[in-house]
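Geometric and topological summary
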Amino acid sequence: MKWAKADAYQADDDGDEDLDDIERRIREARRSEDEEAEWERDQLEIAKLLKQERKPTGDFMDELAKATACSDVFVFINKFLPAILTESAKASEADDSAPSRKAASELRTTELGRLILILTTLSRLSRTSEGGLTPAMAESKPMAALLSRLEEILKEVAEDRRHRLFNKFSRDIGVKISKLVAATRGLDKEAPQVLDLVPATAEVLKTGAIDDWVLLLSALEYDVLQEEPVLRDIAPSLARKAKYFQPDVLARLSRVFAKGKTYHQELFEAIALYSKKRLKRFMPRQVVVLVRNLAALRHYDEELMEVVAARVSSEIESYRPFELLLLAWSCGRLRFKDNRILVSIARSVAWNIKEFTGQEVTFIAIAFSKLSYRNENFLAAASEKVTGEVETIDVRYLCQAVYAFSKLEHTDNDFFDAAAQAFLAQGLEKLTTKDLSITIWGYANSRRRQNDLLDLFAERVVGIASTCSNARLLCTAMWGFARLQERNDDLIDAVILRSKVLAPSFATEDFVMLTYGMSRFQEKDIDLLNQLARLMVEMIEDFSELQLKMVARAYAQLGVKHEALFKSIVEELVQKADRLDLDLIVDVCWSLSQVGLSPVKLLELAPKMLREARLTLDEGQVDFALRKQIGDLMWLVGELPAKDVPKGLRAAAKAHSVDVPGSTPARFIVSS
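Predicted model only: the values in this text are computed from it and were never measured.

Turning our eyes to something else, we now look at the overall build of the chain. Looking only at helices and strands, the chain has 34 helices and zero strands in total. Sequence separation of at least 24 residues holds for 80% of the intrachain contacts in the chain that already meet a minimum separation of 6. In the form shown here, the chain has an accessible surface area of approximately 29800 Å², with 48% of it arising from carbon and sulfur atoms.

Moving on: the packing of aromatic side chains. To describe a pair of aromatic rings, you give the distance between the ring centres and the angle between the ring planes. Counted under the stated rule, the structure contains 14 aromatic pairs. With a centroid separation of 6.4 Å and an interplanar angle of 50°, the aromatic rings of Tyr300 and Phe336 are classed as tilted. Taken together, the residues span a long stretch of sequence, with Tyr300 in the loop between helix H14 (284-296) and helix H15 (302-314) and Phe336 in the loop between helix H16 (321-334) and helix H17 (339-351) at a distance of 36 residues. You can call Tyr300 partly exposed: its relative accessible area is 37%.

It is worth spelling out the environment of Leu535 at this point. In this fold, Leu535 is placed in helix H27 (residues 526-538). Along the sequence, Leu535 and Leu565 sit 30 residues apart, while their C-alpha atoms lie 9.4 Å from each other. Once residues lying within four places of it in the same chain are set aside, the contact partners of Leu535 are Ala503, Pro504 and Phe511.

With that out of the way, let us pick up the pattern of salt bridges. Summed over the entire model, instances satisfying the criterion amount to 22 salt bridges. As a salt-bridge pair, Asp435 and Arg396 come within 2.6 Å of each other at their nearest N and O atoms. Within this pair, whereas Asp435 is found in helix H22 (residues 433-445), its partner Arg396 is found in helix H20 (residues 395-407), the two being separated by 39 residues in sequence. The class of Arg396 is partly exposed, set by a relative accessible area of 33%. Taking the shortest distance from any N to any O, the salt bridge between Arg472 and Asp510 comes out at 2.5 Å. Here the residue Arg472 occupies a position in helix H24 (residues 471-483), and Asp510 occupies one in helix H26 (residues 508-520), the gap between them amounting to 38 residues. Comparing Arg472 with Asp510 shows no difference in burial state: the two are buried. Each member of the salt-bridge network shares a partner with another, and the members are Glu545, Glu572, Lys576 and Arg579.

Below, the discussion takes up the packing of H24 against H26. Viewed as axis vectors pointing N to C, H24 and H26 meet at an angle of 35°, and their least axial separation amounts to 8 Å. Where H24 crosses over H26, the two elements pack in a sense that is left-handed. Residue-level inspection shows Ala471, Arg472, Cys475, Thr476, Met478, Trp479, Ala482 and Arg483 of H24 in contact with H26, the latter providing Glu509, Asp510, Met513, Leu514, Tyr516, Gly517, Met518 and Arg520. Looking at side-chain class alone, the contact of H24 with H26 contains nine nonpolar, two polar and five charged residues.

A word on the nonpolar core. Among the nonpolar cores identified, the biggest contains 173 residues, and Phe257, Phe368, Phe423 and Tyr555 are the most heavily contacted of them. Excluding its chain neighbours within four sequence positions, the residues that come into contact with Phe423 are Val395, Leu398, Cys399, Val402, Leu428, Thr439, Tyr443, Leu453 and Leu456. Within the second largest apolar cluster, 20 residues are counted, among which are Phe76, Leu115, Leu122 and Ile153.

Glancing now at H22. Between its first and last C-alpha atoms H22 spans 18 Å; for 13 residues at 1.5 Å apiece the expected length is 18 Å, and the two agree. Burial of H22 is extensive: 11 of the 13 residues sit out of reach of the surface. Within H22, the full set of buried residues consists of Asp435, Leu436, Ser437, Ile438, Thr439, Ile440, Trp441, Gly442, Tyr443, Ala444 and Asn445. Considering only its buried residues, H22 is in contact with H20, helix H21 (413-426), helix H23 (451-464) and H24. Just downstream of H22 lies Arg447, where phi reads positive at about 55°.

As a further point, take the confidence of the model for the chain. For the chain, per-residue confidence averages 78 on the pLDDT scale, and 68% of positions sit at 70 or higher. Across the chain, the secondary-structure element scoring lowest on mean pLDDT is helix H2 (residues 31-51), at 47, and the one scoring highest is H27, at 96. This model gives residues 165-171 a pLDDT under 50, and the stretch forms 22 contacts once residues within four places in sequence are excluded. A low-confidence stretch, residues 188-193 (pLDDT under 50), is modelled with 12 contacts involving residues beyond four sequence positions or located in other chains.

Moving on, we get to the state of the cysteines. For the structure shown, the criterion picks out zero disulfides. No disulfide involves Cys468; its sulfur sits 9.7 Å from the nearest other cysteine sulfur, which is in Cys475.

Glancing now at unusual backbone geometry. The phi dihedral of Gln485 is positive, around 55°, even though this residue is not glycine. Assessed through its relative accessible area of 64%, Gln485 is described here as exposed. In this model, Gln522 sits at a positive phi of 50°, which is unusual for a non-glycine residue. Summarising the element assignment, Gln522 is placed in the loop between H26 and H27.

This part covers the packing of H27 against helix H29 (residues 563-575). Between two packed helices, the angle of one axis relative to the other and the distance separating the axes together describe the packing. Across the interface, H27 lies against H29 with an axial gap of 9 Å and an inter-helix angle of 30°. Between H27 and H29, the angle is such that the two are roughly parallel. Crossing geometry of H27 relative to H29 is assigned as left-handed. For the pair formed by H27 and H29, the contact residues are Ala533, Met536 and Val537 on the first element and Ala564, Leu565 and Ser568 on the second.

Procedures and definitions
- Residues numbered from 1 in each chain as written.
- Predicted model: local features only at pLDDT ≥ 70, side-chain atom pairs only at ≥ 80, totals over all residues.
- Heavy atoms only, no water.
- Helix = DSSP H or I, 4+ residues; strand = E, 2+ residues; numbered from the N terminus.
- Contact = heavy atoms within 4.5 Å.
- Areas by Shrake-Rupley, 256 points an atom, 1.4 Å probe, with all protein chains shown as cover.
- Phe/Tyr/Trp six-rings, centres within 6.5 Å; stacked < 30°, edge-to-face > 60°.
- Buried < 20%, exposed > 50% of the residue type's maximum accessible area, 1.4 Å probe, protein only.
- Salt bridge = Lys/Arg side-chain N within 4 Å of Asp/Glu carboxyl O.
- Axes fitted to C-alpha atoms, helices over the stretch in contact; angles between N-to-C directions.
- Left-handed = near helix turned anticlockwise from the far one by under 90°.
- Nonpolar A, V, L, I, M, F, W, Y, C, P; charged D, E, K, R; others polar.
- Core = buried A, V, L, I, M, F, W, Y, C linked by side-chain atoms within 4.5 Å.
- Expected span 1.5 Å × (residues − 1).
- pLDDT = per-residue confidence, 0-100.
- Disulfide = S-S within 2.5 Å.
- Parallel < 35°, antiparallel > 145°, perpendicular 65-115°, else oblique.

Structure below.
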């Protein structure tokens, strides 16, 4: 029997944490190189800004130049920092005679530039000097003085913005804030005092008067500033200005809000609209960033995704391996199934499989499984890759690989055998209940019977059953062991006992799997079956037609006559008559007959279906499944007493007869 709803195991978060982890590890590999380049850019930009100030910065810059020659952060803080701060303060005091508030605002932003340059220098030294920045250094008086003055300046700048004190220096505040947060990136772990700057910095951002939006985004990309209140305050302003944003700004804007886990509908509708209009001007990297972050916040714009699919499929060779992973993940998360982009990604991955790791390939397979997209070349290359790296792949990723390949019906014995050996070697202690659930499902769905592994699964499930709150795991275990015809009495007893507690939290799939397992093992626990039946009656409208058929069959095979349940099943199916076929009608009618209930109400739907089936066959279409369904109906009509067959159905069945099976259809035979 095939399970009713194969995608019931999709995670609510779709593996966001795992994907973030992969992104982080890949970027760490090139971080040192990028930081060095960023440092050079920081120095040039801030030095340029300082040279544009009204007052010469001679003494201050001289002191800072001496300090930058120092390679030890301890010496910098204790020897040079006091002198640098003194010179900075002198420069500010010399300007105290500013004739207006507007001029004073200009001078404040000048001082802010100087302080940020100090912090940037300190940040670099803390990363490059031996031992780095220690807590003692971070708490020293010079550091406290620097951070305190920075906080004061930020508060004053925010106040200036509220009073609309515009001048050429305040318009550069976006540059300064972005440099500030870039510098604090290297310090916040060692110097908790840096976090005290966050509220003041956020106040500057919330004034919404920063003209340079690109540099504002650089500031917002700092993790500590990605707080929901800050992002929500500026989102309306960003939405109004979105029509002026270039591709890079649109892509980075989506990243800021995705990293901050803040969804603002008006803003994202604007991002999608203007991205769609300007997609031809996006670079491949920007396309990936945009789509990945829209998917992260589940903002689905079908027209935009259609344009993206056409763009990506026409230039697939321009995308790097990790970008292909992100595109596949985004399509899976948004449930966007477009063969153009999926075929292009699958072919490119299969062709360049050596450039991917086993974990990355697993994520692409997971994305394809969510879309039920099969590509034999990709699956062959991917399973070989994962099999070859199975010893180095984290056991949790291996669970997802088992699930994905099983769902995509990929039959590679080597992969499933290698994965089983890895589970046996590493054990199951690291697995969450969800990991364990999808792994059992994967092996059972593929009918991969690994006796040693099944024993390990049973031992683990029995061990946690009494305290387990994951109903899906218990029901999957019962279903999986039944499907593999592996009876384990300890597991069966543990699942049945715990299900009596968890039954109120069951989803429709849980009812189907548990009752299937009980019917296959002929476990007739009347108390539990009655409890399940009452709950199913209450939520009968949530069940699909296939699930209703399977529940009816399970109760019939157990010989449990729960009239309220069967009545609800029949009434629900009659309401969905236009979605039924002869196979389902025959199946449910057989179940009704097995528990002594009349199937007349359902069989009244059969004559119309017979006529439609006959027309299909008369048109010359070769449909062996349809012929089989008619044959099964003929068998059922012959088995039922006359009172349970609607008037005229027996004659109609004979008139439309195609094939009459000589024995009971196999699916109705109860196995022990």
